[in-house]
Amino acid sequence: MLLALDISNTNIKFGLYDKVTMKRHWVVSTARQRTTDEYAMVLNDLMRHVGYQFTDIDDIIISSVVPPLTPVFQDLALNYCDKEALLVNYKLDLGFKLLVDNPWEVGSDRIVTALAAYHLYGGPAIIIAFSTATTFDVISAEGDFLGGAIAPGLVISAEALSSAASQLYRVNLVPPTTALGKNTIENMQSGIIYGHVGLVQGLLHRLCAEIPGRNHGDKVKIIAHGGLAQLMAPIIPEIQQVNQFLPLEGLRLAYERLRR
């Protein structure tokens, strides 16, 4: 079986695959201070709970945007599974081009989600990740990575607002009934959430217009994932698909290509 690991700033996703079928998946909070042994025990408990163990793992592939944790999970692969993990990076030939100024700056998470989005939905496409940051990745009709945009995420924006203004406080990230707030909580929820909707829609409009070679009538697929995608997708009609397994599916597809 293949163990796919997506290590992001907020969460770590684990996917256990039997060929193309995801048998199990788990999400744990990212804790930079945890050791190899601690993460191994967490994963071991999750697997044992559903009848699997480390000896069932034949290969491991990792996408990481948290540099301190990359060697932690590489050590886990070696010490507990007796496997050398594949590490996704910009140097690998995954069947598409990174058409940006500095390919080494493109995070492995963006690489694998681009691969998955094109394989599952085709291009041109824009992938929105609602996580610590809200990122936009643009894919051409041929599947190449064209670049994108990175904006502060919802949680970052809410925390910045409450910490910088003495008379404001943290609020639940729930869309208010109307944009016209009648009290401080509704005012903040409207500004944070509907303000983010405006940010997303504005960037989508600009990014779609700048996709090279796109005819006006060409439909751009808009796919969302990330911890806050379920909150935002219902209030952003441009989003056509929400797929929380996009990073794990991209890792599976990358593994299949690399192990041919």
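Residues numbered from 1 in each chain as written. Predicted model: local features only at pLDDT ≥ 70, side-chain atom pairs only at ≥ 80, totals over all residues. Heavy atoms only, no water.

### Some points on the sheet that holds strand S1 (residues 2-7)
Convention followed: At least two bridges found by DSSP between two strands are what make those strands a pair. Helix and strand assignments come from DSSP, with helices taken as H or I runs of at least 4 residues and strands as E runs of at least 2, each series counted from the N terminus. The contact criterion used is simple: two residues touch if any of their non-hydrogen atoms lie within 4.5 Å. Axis definition: a line fitted to C-alpha atoms, limited for helices to the stretch in contact. Angles are taken between N-to-C directions and run from 0 to 180 degrees.
Spatially, S3-S2-S1-S4-S5 is the arrangement adopted by the five strands of the open sheet, whose pairing is mixed. This sheet does not close on itself; its edge strands, each paired only once, are strand S3 (21-29) and strand S5 (86-87). The pairing of S1 with strand S2 (residues 11-18) spans six bridges and is classified as antiparallel. Following the sheet pairing, Leu3 is matched in S2 by Leu16. Along the sheet, helix H2 (residues 70-81) contacts S1, S2, strand S4 (59-64) and S5; its crossing angle with S4, the most-contacted strand, is approximately 170°.

### Quick word on the sheet that holds strand S8 (residues 145-152)
Within the open sheet, the five strands sit side by side as S8-S7-S6-S9-S10. Their pairing is mixed. In the strand order of this sheet, the two ends are held by S8 and strand S10 (241-242), each with one partner. In the sheet, strand S7 (residues 133-139) pairs with S8 via seven bridges, with the strands oriented antiparallel. Among the inter-strand pairings, Phe136 is bridged to a residue of S8, identified as Ala149. On the sheet, helix H3 (residues 108-121) packs against strand S6 (125-130), S7, S8, strand S9 (221-225) and S10 and is oriented at approximately 120° with respect to S8.

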